[in-house]
Amino acid sequence: GEVMLRPFREMSILLRSSRLMLLATAAFLSKMVFSGDIILFFFYVENNLGVNDRDVAWMMFVTGVVGLLIQAGLLKYLISLMGERGLLLVSFCCGTVHNL
């Protein structure tokens, strides 16, 4: 029971500040759009660039491995460097520039 409730208790930090709640909501919505973009990208390259299912599977595999490596190795270093709040702000700003 204790372990299952921990994420909800940790998310309660967002309720302390309206800015953090707004930032988290914007990051969530941005990620939803980005996830849709990825799927559309795979359909596009498959239909217009002659990429086959095996190539798409390979691209997804590489993307997953890179994400895993970043989360497993780089994330802890970045949190110690910038703090959780600073990393959240930098990540959101990078995501905003990427979506422009």
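Note that the coordinates shown come from a computational prediction; the quantities given were computed from them, not determined experimentally.

S.K.: I'd love a proper account of a nonpolar patch on the surface, names of residues and values included.
M.R.: Residues Trp58, Phe61, Val62, Val65, Val66, Leu69, Ile70, Leu74, Tyr77, Leu81, Met82 and Val90 make up a contiguous nonpolar surface patch of roughly 1,100 Å² in combined accessible area. By secondary structure assignment, the location of valine 66 is in helix α3 (residues 53-99).

S.K.: How would you summarise the environment of glutamate 10 if you had to cite specific residues and measurements?
M.R.: In this structure, glutamate 10 sits in helix α1 (residues 2-11). As for glutamate 10 and threonine 63, which are separated by 53 residues in sequence, their C-alpha atoms are 28 Å apart. Here arginine 6 takes part through its side chain, which lies 2.7 Å from a polar atom of the side chain of glutamate 10.

S.K.: Give a description of the pattern of salt bridges that names residues and reports values.
M.R.: This model, assessed by the stated rule, comprises 2 salt bridges. With its nearest N and O atoms 3.2 Å apart, the salt bridge here joins glutamate 2 to arginine 9. Under the relative-accessibility criterion, arginine 9 is labelled partly exposed at 43%. Residues arginine 6 and glutamate 10 are paired through a salt bridge, measuring 2.7 Å at the closest nitrogen-oxygen approach. Remark: glutamate 10 and arginine 6 occur in helix α1; sequence separation between them is 4 residues, near one turn of the helix. Residue classification places arginine 6 among the exposed positions, given a relative accessible area of 52%. Given a relative accessible area of 45%, glutamate 10 falls into the partly exposed group.

Rules of the game
- Residues numbered from 1 in each chain as written.
- Predicted model: local features only at pLDDT ≥ 70, side-chain atom pairs only at ≥ 80, totals over all residues.
- Heavy atoms only, no water.
- Patch = residues over 30% accessible without salt bridge, like charges linked within 9 Å, V, L, I, M, F, W, Y side chains within 5 Å.
- Areas by Shrake-Rupley, 256 points an atom, 1.4 Å probe, with all protein chains shown as cover.
- Salt bridge = Lys/Arg side-chain N within 4 Å of Asp/Glu carboxyl O.
- Helix = DSSP H or I, 4+ residues; strand = E, 2+ residues; numbered from the N terminus.
- Polar contact = N/O pair within 3.5 Å; in protein donor to acceptor, adjacent residues only side chain to side chain.
- Buried < 20%, exposed > 50% of the residue type's maximum accessible area, 1.4 Å probe, protein only.

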